[in-house]
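Geometric and topological summary
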Amino acid sequence: KQTKPMTKTFTQNDLIRFIYHETTEAEERDLNKALICDSELQGQYKELIAVKSQLDKSQLEPSESAIQNILSYAHGLQEKH
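Residues numbered from 1 in each chain as written. Predicted model: local features only at pLDDT ≥ 70, side-chain atom pairs only at ≥ 80, totals over all residues. Heavy atoms only, no water.

Moving on, we come to the packing of aromatic side chains. In total, this model carries 1 aromatic pair according to the counting rule given. For the ring pair Phe18 and Tyr45, a centre distance of 5.9 Å and an interplane angle of 55° mean the geometry is tilted. Taken together, the positions of Phe18 in helix H1 (residues 12–19) and Tyr45 in helix H3 (residues 39–57) put the pair 27 residues apart, joining distant regions of the chain. A relative accessible area of 11% means that Phe18 is categorised as buried. (Phe/Tyr/Trp six-rings, centres within 6.5 Å; stacked < 30°, edge-to-face > 60°. Helix = DSSP H or I, 4+ residues; strand = E, 2+ residues; numbered from the N terminus. Buried < 20%, exposed > 50% of the residue type's maximum accessible area, 1.4 Å probe, protein only.)

Here the focus is the nonpolar core. Phe10, Leu15, Phe18, Ile19, Leu31, Ala34, Leu35, Leu41 and Leu48 together form the largest nonpolar core, which totals 9 residues. The residues touching Leu35, leaving out its near neighbours within four places in the chain, are Leu15, Phe18, Leu41, Gln42 and Tyr45. (Core = buried A, V, L, I, M, F, W, Y, C linked by side-chain atoms within 4.5 Å. Contact = heavy atoms within 4.5 Å.)

The next thing to look at is H1. Residues of H1 that are buried include every one of Asp14, Leu15, Phe18 and Ile19, and no others. Each buried residue of H1 lies within a common arc of 135° when the element is viewed along its axis, so the set occupies one face. Of the surrounding elements, those touching the buried residues of H1 are helix H2 (25–37) and H3. With a side-chain oxygen positioned 3.3 Å from the backbone nitrogen of Asn13, the residue opening H1 is Thr11. Just past H1, the residue His21 takes up positive phi, approximately 55°. (Arc of directions from axis to C-beta. Polar contact = N/O pair within 3.5 Å; in protein donor to acceptor, adjacent residues only side chain to side chain.)

Structural data, given as C-alpha cells:
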C-alpha cells in the first residue's frame, strides 16, 4: 500500500512571512512548490502581494493641509490663554 506524502497546509501568516522574506530556506522551498500546485494558495498570495503594493505606495506623512490645520488649532489655543 502506497501512502501519499503529507501535504503541508500554509496559513496567511506563512504567506506574509514569505512575502517579507522571513521564512527559512526550507519553508521558502515548500511554499514555492505549494504555490505551483495550489490555485487557492496562489490566489491568496496574489491578494497579499496587491495589499503589500498598496501599503508600500501609501502616504506615510500627513498632508500639508493636515499640518496647517493642527498648527492653526494649536495657535488658537494659545490665543485663549
